[in-house]
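One-letter residues, chain by chain:
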Amino acid sequence: MTHILYQTLLSLLASLFFGILFQVRGRNLCFAALSGGLCWLVYALVCEVIPSSQIPAYFLSAAATALFAELCARAFHSPAGVFTAVGVIPLVPGGGIYRTMLLCISGTAEQALSACISTIGIAGAMAMGVMVTSSIVRMVTHRRRSKN
Amino acid sequence: MEKRALMTGSELLSDAMTLGSWLLACGAEIYRVEESIRRMCLAYGAADAQVYAVPTAIIATVRMDENHVETQVRRIEQRGTDLNRVNALNALCRSVCAHPIPHEEFWARMQKIADADVYPPIIRCLASGGVALFFTLLFGGAAADGLLTLIVGCLLEVLMELIGRIGSNPLFLNVLGGAWIAFAALSGVRLGLGQSYDLVIMGSIMPLVPGLMMTNAIRDLIAGDFMAGITRFAAALLHAAGIAVGAAISLGMSSLLLGGF
């Protein structure tokens, strides 16, 4: 458990610095960094529960991050994208794409293909997670608005 | 009728498209760009507005009335990520949609957004080092590896900043970045500054690699913005290929010269 908390803290700090690279400022930066921590925490906890496959963990952590981002967006009147972009940073498969391309160059086509497929799987799961949450949030707020 | 008096059709389309192109250049989502332009046109009394955006261009047509239709195309040359500006532009768009303001006032507010502070280069260099450091630790690196990546990451941003000023091709910039990271990681580990050059490379490339771009590409595809999704997907692969080519050059050279690793 302490291991997970330590990694969560590291993800939070990594997201904080990425937020600075993305020019996020002030209160938005703090909450964007928090969503980065949350992203890793959910991922690590789901990995503990479902050790067989990582894809559900990526999906759920992206969904949780997007939900937190939507709440922050409503609270601070900022676009949710500010918080999601920084929040999902700890898990986006940047290293995976790099490894795919490096394997392509070194001529090991089979390994490159398998790295490519796993990268697309991760990116797809995270994109789905974000989309599902934001669609549900939009549906709920739309219904509430049309009732009034 | 009163709303229409605030801006002429071409002024309106031109202003709305400038707002949209700034949003796109700062890394806003495609649907946000399209929605912002469309809503702003409708708020100023246009009868209809059709917008089509891809990451490198925007096309929009606004119909003020039966006889007055205007179309403009904007090419987006330079792209980066400035979420603070996205935030400010989004706030401006919401505010003019609620209370339309005249052309001059709109431009004064746009100018204010353009002049807003950005983090100075030194902070960006430190942030790049910080990203590299914490990712290396997250991947299981030791403290010594972390220290080495901090230095490599800071100097990476310095290199990017300097070469970016000359106005180099973005792909070549990535090749150089990848080459620098692999070279610095290998020599650092050789000199005894770190233990695992692999972890140092993985951490240091984090500020460069297009992981977010890849995820957003798939998001665009799911949302139905197929052209945008495919464009971004190709851009992400090319971006990563540049970094990998750079790293491969350094790794190959070192194994030729030193025979190790």
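Source: prediction; values computed, not measured.

Colleague: Could you give an account of the overall build of chain B, naming the residues involved and the relevant values?
Modeller: Tallying secondary structure elements over chain B gives 10 helices and 3 strands in all. Helices and strands in chain B line up, N terminus first, as α-α-β-β-β-α-α-α-α-α-α-α-α. With respect to the three principal axes, the spread of C-alpha positions in chain B is 75 × 35 × 30 Å. Going through the 261 residues of chain B one by one, you find that 51% of them count as buried. Summarising the internal contacts of chain B: among those between residues at least 6 apart in sequence, 64% fall at separations of at least 24. Entry remark: accessible area of chain B is about 11900 Å², with carbon and sulfur atoms responsible for 62%.

Colleague: Kindly report on the packing of aromatic side chains, identifying the contributing residues and their values.
Modeller: Aromatic ring pairs: the centre-centre distance and the angle between the two ring planes describe each pair. All names here are of chain A. The full count for this structure, using the stated rule, is 8 aromatic pairs over all chains. Residues Y43 and Y58 carry aromatic rings whose centres are separated by 5.0 Å and whose planes lie at 45 degrees to one another, so their mutual orientation is tilted. Taken together, the residues Y43 in helix α2 (residues 26-49) and Y58 in helix α3 (residues 55-76) connect sequence positions 15 residues apart. The class of Y43 is buried, set by a relative accessible area of 9%.

Colleague: Go over a nonpolar patch on the surface with me, naming the residues and quoting the values.
Modeller: Taken together, the side chains of I105(A), V245(B), I249(B), M253(B), L256(B), L257(B) and L258(B) make up a nonpolar region of the molecular surface, amounting to roughly 720 Å² of accessible area. When its relative accessible area of 70% is taken as the criterion, L257(B) is described as exposed.

Colleague: Got a sec to walk through the domain arrangement of chain B? Specific residues and values, please.
Modeller: All names here are of chain B. As assigned here, chain B comprises domain 1 (3-114) and domain 2 (121-258). The straight-line distance from the C-alpha centre of domain 1 to that of domain 2 is 34 Å. Domain 1 puts 8 residues into the contact, and the matching count from domain 2 is 7 residues. In total, domain 1 and domain 2 occlude about 570 Å² of area from one another, counting both sides; carbon and sulfur atoms represent 59% of this. Across the pair R219 and E29 runs a salt bridge whose closest N-O atoms are separated by 4.0 Å. At the boundary of domain 1 with domain 2, the tally comes to 0 residue pairs in polar contact (both at pLDDT 80 or more).

Colleague: With reference to specific residues and values, describe the confidence of the model for chain B.
Modeller: The predicted coordinates should not be examined in detail at positions where pLDDT is low. Predicted confidence across chain B gives a mean pLDDT of 89, with 97% of residues reaching 70 or more. Across the whole predicted complex the pTM is 0.89, and at the interface the ipTM reaches 0.91.

Colleague: Tell me about the sheet that holds strand β2 (residues 57-65) of chain B, and name the residues and values.
Modeller: Residue and element names in this part refer to chain B. In spatial order, the strands read β1-β2-β3; together these 3 strands make up an open sheet with antiparallel pairing. Each edge of the sheet is formed by a strand with only one pairing partner; in this case those strands are β1 (48-54) and β3 (68-75). Going from strand to strand, the sheet's axes swing by 10 degrees on average, the running direction of each strand aside. Where β1 meets β2, 7 bridges bridge the pair, whose relative direction is antiparallel.

Colleague: Help me get a handle on the pattern of salt bridges, residues and values and all.
Modeller: Residue and element names in this part refer to chain B. Using the criterion set out here, one finds 10 salt bridges over all chains in the structure. Across the salt bridge formed by R124 and E161, the nearest N and O atoms sit 2.9 Å from each other. Taken together, the residues span a long stretch of sequence, with R124 in helix α5 (residues 121-138) and E161 in helix α6 (residues 143-166) at a distance of 37 residues. Classification of R124 by relative accessible area gives buried; the value is 14%. Looking at E161, the relative accessible area reads 18%, which means it is buried. One connected set of salt bridges, linked through shared partners, spans R124, E157, E161 and R165.

Colleague: Account for the layout of surface pockets, with residues named and values stated.
Modeller: Estimates place the volume of the second largest pocket at around 940 Å³. Elements represented by at least two residues in the lining of the second largest pocket include exactly α3, α4 (80-87) and α6 (109-147) of chain A together with α2 (30-43) and α3 (83-98) of chain B. Per element, the largest residue contribution to the lining of the second largest pocket is 7 residues, and it comes from α6(A). Of the residues in the lining of the second largest pocket, the class split is 10 nonpolar, 9 polar and 10 charged.

Colleague: Explain the interface of chain B and chain A to me, and be specific about the residues and the numbers.
Modeller: Of the residues lining the interface, 49 residues belong to chain B; the matching set on chain A comes to 48 residues. Applying the counting criterion to the chain B and chain A interface returns 0 salt bridges. The interface formed by chain B and chain A contains 5 residue pairs in polar contact (both at pLDDT 80 or more). Where the side of chain B that touches chain A is concerned, the elements lending two or more residues are α2, α3, α5, α8 (197-204), α9 (211-223) and α10 (226-258) of chain B.

Colleague: Could you give an account of the environment of L137(B), naming the residues involved and the relevant values?
Modeller: Mapped onto the elements, L137(B) comes out in helix α5. Separated by 63 residues in sequence, L137(B) and V200(B) place their C-alpha atoms 9.5 Å apart. Not counting residues up to four positions away in its chain, the partners in contact with L137(B) are Y6(A), L10(A), A142(B) and G146(B).

Colleague: I'd like a rundown of the environment of G124(A), residues and numbers included.
Modeller: Residues and elements named next belong to chain A. Residue position: G124 is located in helix α6. Its relative accessible area of 15% is what places G124 among the buried residues. The sequence separation of G124 and I55 amounts to 69 residues, and the corresponding C-alpha distance is 9.2 Å.

Colleague: Go over helix α7 (residues 170-190) of chain B with me, naming the residues and quoting the values.
Modeller: Residue and element names in this part refer to chain B. Between its first and last C-alpha atoms α7 spans 30 Å; for 21 residues at 1.5 Å apiece the expected length is 30 Å, and the two agree. Residue N169 occupies the N-cap position of α7, its side-chain oxygen lying 2.7 Å from the main-chain nitrogen of L171. Trailing α7 by a residue or two, G192 shows a phi angle of about 85 degrees, which is positive.

Cut-off values and rules
Residues numbered from 1 in each chain as written. Chains lettered and ligands numbered in written order. Predicted model: local features only at pLDDT ≥ 70, side-chain atom pairs only at ≥ 80, totals over all residues. Heavy atoms only, no water. Helix = DSSP H or I, 4+ residues; strand = E, 2+ residues; numbered from the N terminus. Buried < 20%, exposed > 50% of the residue type's maximum accessible area, 1.4 Å probe, protein only. Contact = heavy atoms within 4.5 Å. Areas by Shrake-Rupley, 256 points an atom, 1.4 Å probe, with all protein chains shown as cover. Phe/Tyr/Trp six-rings, centres within 6.5 Å; stacked < 30°, edge-to-face > 60°. Patch = residues over 30% accessible without salt bridge, like charges linked within 9 Å, V, L, I, M, F, W, Y side chains within 5 Å. Salt bridge = Lys/Arg side-chain N within 4 Å of Asp/Glu carboxyl O. Domains from an automatic or database assignment. Buried area = accessible area lost by both parts, 1.4 Å probe. Polar contact = N/O pair within 3.5 Å; in protein donor to acceptor, adjacent residues only side chain to side chain. pLDDT = per-residue confidence, 0-100. Pairing = 2+ DSSP bridges. Axes fitted to C-alpha atoms, helices over the stretch in contact; angles between N-to-C directions. 1 Å grid on protein atoms, 1.4 Å probe; cavity = no way out; pocket = protein on both sides within 12 Å on 5 of 7 lines; lining within 4 Å. Points joined across faces, edges and corners; volume = space filled by probe spheres on them. Nonpolar A, V, L, I, M, F, W, Y, C, P; charged D, E, K, R; others polar. Expected span 1.5 Å × (residues − 1).

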